[in-house]
Amino acid sequence: MIPGVQMSDDDRHAFLMIAYENISHYYRFPFESFSSSTDEYSVRIGENRFSYDKIFINVQPNEGDDASETFQMNLTLSSHIKIPDLSVIAPGTMGPFSWMPTLQCYHHVLSMKYDVSGTMQDKEDVTAVGYLEKDWGTEFPSIWIWGQANQWQSNVSASLFFSFALIPWYFGFKFPGFLIIFEYNHEFYRFNTYLQSNVHNLEINQTTNEVSFDIYDVLFRYKLHVQTLVNPNENVNGALLYGPRNQRMEKYVKEILGRNIYFDVKLSKLISNDRTMDDDSNDPFVRHGYTEEIIFEERATNIALEINGDIDELKQLFEQTYAHVFPWKFSLIRSLLYYFL
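Attention in this report is confined to the structure presented alongside it. (Residues numbered from 1 in each chain as written. Predicted model: local features only at pLDDT ≥ 70, side-chain atom pairs only at ≥ 80, totals over all residues. Heavy atoms only, no water.)

1. Quick look at helix H2 (residues 311-322)
(1) Moving on: For H2, spanning 12 residues, the distance from its first C-alpha to its last is 16 Å, which sits close to the expected 16 Å at 1.5 Å a residue.
(2) Moving on: Next to the buried residues of H2 lie strand E11 (144-149), strand E13 (158-168), strand E14 (174-184), strand E16 (198-205) and strand E23 (303-308). (Helix = DSSP H or I, 4+ residues; strand = E, 2+ residues; numbered from the N terminus. Expected span 1.5 Å × (residues − 1). Contact = heavy atoms within 4.5 Å.)

Structure representation (structure tokens):
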């Protein structure tokens, strides 16, 4: 469920988008029907309401809508897991990037996980798990990968969000950026561009929806491994969503909301011990005496995934930036952090 507003002069309107069983429904509303609060998460589009506590939806297709179903929902939200700010100058999900001008798109995760109860369509006493985020800006990046999960086969409490993108900036300069947050038992592990984290072994296959990567914090204390698992005997479909492009909302964003695709997730603590060096290993960390102490290892179900744009270009830029960054090589920033921490 995505409430929003398109503010360009030639197509100004509010909208509500609902993706359901690999089909998206787009409902248009007058621009004046939209209102929101600057103090808290609270959005209204006509009689439809969205907040931290409540979701109320009552929509039916009208002429000009790209929608074929009527939806009624009255849901209560509770037990939110919110990402704490790092500091005043590094708020929210994007940290100091939140203050950078001219970015195409800004992103913030409002709740990594929350409980849902209420009524949906003709079903009463609905219980579920939710995830809440928002975007604002002029348009999405030209290339991006986005994933989210907070349900696991063993019913453990954990949440994952990741995003890789090609970020345009001043004078035609572009850089590969990423935001990754893993929450486990209310402890947050952040692996982000602005924290000088390091991406290794990024692999993407847009045809098969396979994504895998290793991410390390700047001091190489923690490692997060994420890999999609797709059953080749089962279909993995996605809904085509509307997104901002060319000063209008266009239907071009493929999002997988499927049950036939999974994330295998492993969080480890890296331990350096010269006595465990193995010169014959294919893993450079093992060759340099690193071992892993596993903190979390589970399979996520009911995941969400987007892969859009020229992924080969994005992968190449990440390889150029991070392929040769290792803890045993000199880094001024890492050396200073070791000294002060």
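2. Observations regarding unusual backbone geometry
(1) Moving on: For Ser79, which is not glycine, the phi torsion reads 55 degrees and is therefore positive.
(2) Moving on: For Ser79, the position within the fold is in strand E8 (residues 71-81).
(3) Moving on: Of the residues examined, Ser79 reaches a relative accessible area of 52% and is grouped as exposed.
(4) Moving on: Even without being glycine, Asp125 reaches a positive phi, approximately 55 degrees. (Buried < 20%, exposed > 50% of the residue type's maximum accessible area, 1.4 Å probe, protein only.)

3. Focus on the pairing of strand E20 (residues 248-258)
(1) Moving on: With seven bridges joining them, strand E19 (residues 239-245) and E20 adopt antiparallel strand pairing. Bridge pairing in E20 places Pro244 opposite Met249.
(2) Moving on: Here E19 folds back onto E20, and the loop between the two strands holds two residues, one of which, Asn246, carries a positive phi near 55 degrees.
(3) Moving on: Pairing between E20 and E23: four bridges, direction antiparallel. Bridging from a neighbouring strand, Leu257 pairs with Ala304 of E23. (Pairing = 2+ DSSP bridges.)

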